[in-house]
Every structure is written in structure tokens, then in C-alpha cells.
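# Summary of the model geometry
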Amino acid sequence: MIDYIVQRLADEGITDCFGVPGDYAFPVCDAVDRNPNIRWVGCSNELNASYAADGYARVRGAAMLSTTYAVGELSAINGVMGAKAERSLVYHVVGMPSYQNQRVQKVLHHTFGDGVFGNFVNISAQAACCHAVINPDNCMIEMERVITEARRNNQPAYIVVPGDYAL
């Protein structure tokens, strides 16, 4: 699924992905690396990556930002909120813990240790005009919906992909 998502964003004219590698985001980083149409632009931290993506989107029309679940996405949220306020289209792709670990409410790093994995989705979705938690059943439909809505509003979109579904 993650290869499809990255290629679909490349089809939108995005040629660079700004981000910081993180364990839950490794599938996103690997998909960008495999795709000959998108170049990885590593940044020193997520806030810088979100500002870089915002600037890129202002010049190029749309940008891709990749962060890891929780700490990464929350570190980027000020830049993404700025993009929303300025009507700058940034596709924020977040790698999150596997659905298998979520299903059994496993206590993992980057969580509150309460077995609830939607806490950060609820926060980060507020920085976007639309969002989707991608799974194998909804991937194509949700990507088209998110791309259409983000283009129509010219504002950020938030796309979350559990690690086991990404692969």
C-alpha cells in the first residue's frame, strides 16, 4: 500500500518528500527510496521538515511530508497548521504502529501506554482539511478522496498508515 500512496502523490507532481526517519515511518522512507520519481529530503527535525514542505508546496503546488507516529507528527504540527492557515497543500504521511499491535492494545513507545492508538490521529487531523487512516480495504478510495478534498481546499491532508498494512 505504501508504494501505491507514494506513487499516487508522485502522480500529483510531487518530486520531493521532506521528513525525518523514524521507526514507524521506515516503510514510508523505504517506499520513497524505491520510487524513482520522488527524492528523499532528510531534515534535522520534524518542525523544519514541515516548514520545508510548506515552502515547497507554495512554490510547486503540493508537497509530501513524512513523520513517525506521535512524537514526530506532533513535532511537525506547527508547520502543518501554518500550511493550513496559508492554504498550502501538504500531504502529511505518518507511519504508525502495526494494526496487529493496535488490535491487542500493546503498550509501545511513542504511546501513552494505555493501548489507545487514536489519540494522535485526533490531534493531527485538526491540522488538516481531511484525513484518512489507510488499510487494505480503503486505500485507493481514501487516497482519491483525500487528494480531491485537499486539492479543492488547497490545505494539508493527513494520511496515516499502520506499519503492517504499509507493507
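Anything mentioned here points back to the structure above.
In short, a report on the structure.

About the thresholds
Residues numbered from 1 in each chain as written. Predicted model: local features only at pLDDT ≥ 70, side-chain atom pairs only at ≥ 80, totals over all residues. Heavy atoms only, no water. Helix = DSSP H or I, 4+ residues; strand = E, 2+ residues; numbered from the N terminus. Buried < 20%, exposed > 50% of the residue type's maximum accessible area, 1.4 Å probe, protein only. Contact = heavy atoms within 4.5 Å. Pairing = 2+ DSSP bridges. Axes fitted to C-alpha atoms, helices over the stretch in contact; angles between N-to-C directions. Polar contact = N/O pair within 3.5 Å; in protein donor to acceptor, adjacent residues only side chain to side chain. Salt bridge = Lys/Arg side-chain N within 4 Å of Asp/Glu carboxyl O.

### Some words on the environment of L65
Counting through the fold element by element, L65 comes out in strand β3 (residues 63–68). Accessibility expressed as a relative area gives 0% for L65, which makes it buried. Separated by 26 residues in the primary sequence, L65 and R39 place their C-alpha atoms 12 Å from one another. Not counting residues within four places of it along the chain, the set of residues in contact with L65 comprises F18, A49, S50, A53, A76, V80, V90, Y91, H92 and V93.

### Considerations on the environment of R8
Among the secondary structure elements, R8 is positioned in helix α1 (residues 2–11). In sequence terms R8 and M140 are 132 residues apart; their C-alpha atoms lie 9.4 Å from each other. Every residue in contact with R8, bar those within four places of it in the chain, is listed here: E144 and I147.

### A few points about the sheet that holds strand β6 (residues 157–162)
Within the open sheet, the 6 strands sit side by side as β2-β1-β3-β4-β6-β5. Their pairing is parallel. Of all strands in the sheet, those with a lone pairing partner are β2 (39–42) and β5 (130–133), marking the two edges. Geometrically, the sheet is characterised by an average inter-axis angle of 20° between neighbouring strands, direction not taken into account. Looking at chain direction, strand β1 (residues 16–19) and β3 are connected through 3 bridges and run parallel. Within β3, the position partnered with G19 by the bridge is S66. Docked against the sheet, α1 engages β3, β4 (90–96) and β6, running at close to 170° with respect to β4.

### Points about the side chain of T68
Topologically, T68 is positioned in strand β3. For T68, a relative accessible area of 4% corresponds to the buried category. A polar contact of 3.4 Å, which involves the side chain of T68, links it to the backbone nitrogen of Y24. Setting aside chain neighbours within four positions, we find T68 in contact with G22, D23, Y24, A25, E73, V94, G95 and H110.

### Examining the pattern of salt bridges
Here the structure, examined in full by the defined rule, presents 8 salt bridges. Across the pair D16 and R39 runs a salt bridge whose closest N-O atoms are separated by 2.7 Å. Of this pair, D16 sits in strand β1 while R39 sits in strand β2, and the two are 23 residues apart along the sequence. Where salt bridges share partners, they join R8, E12, E144 and R151 into one cluster.

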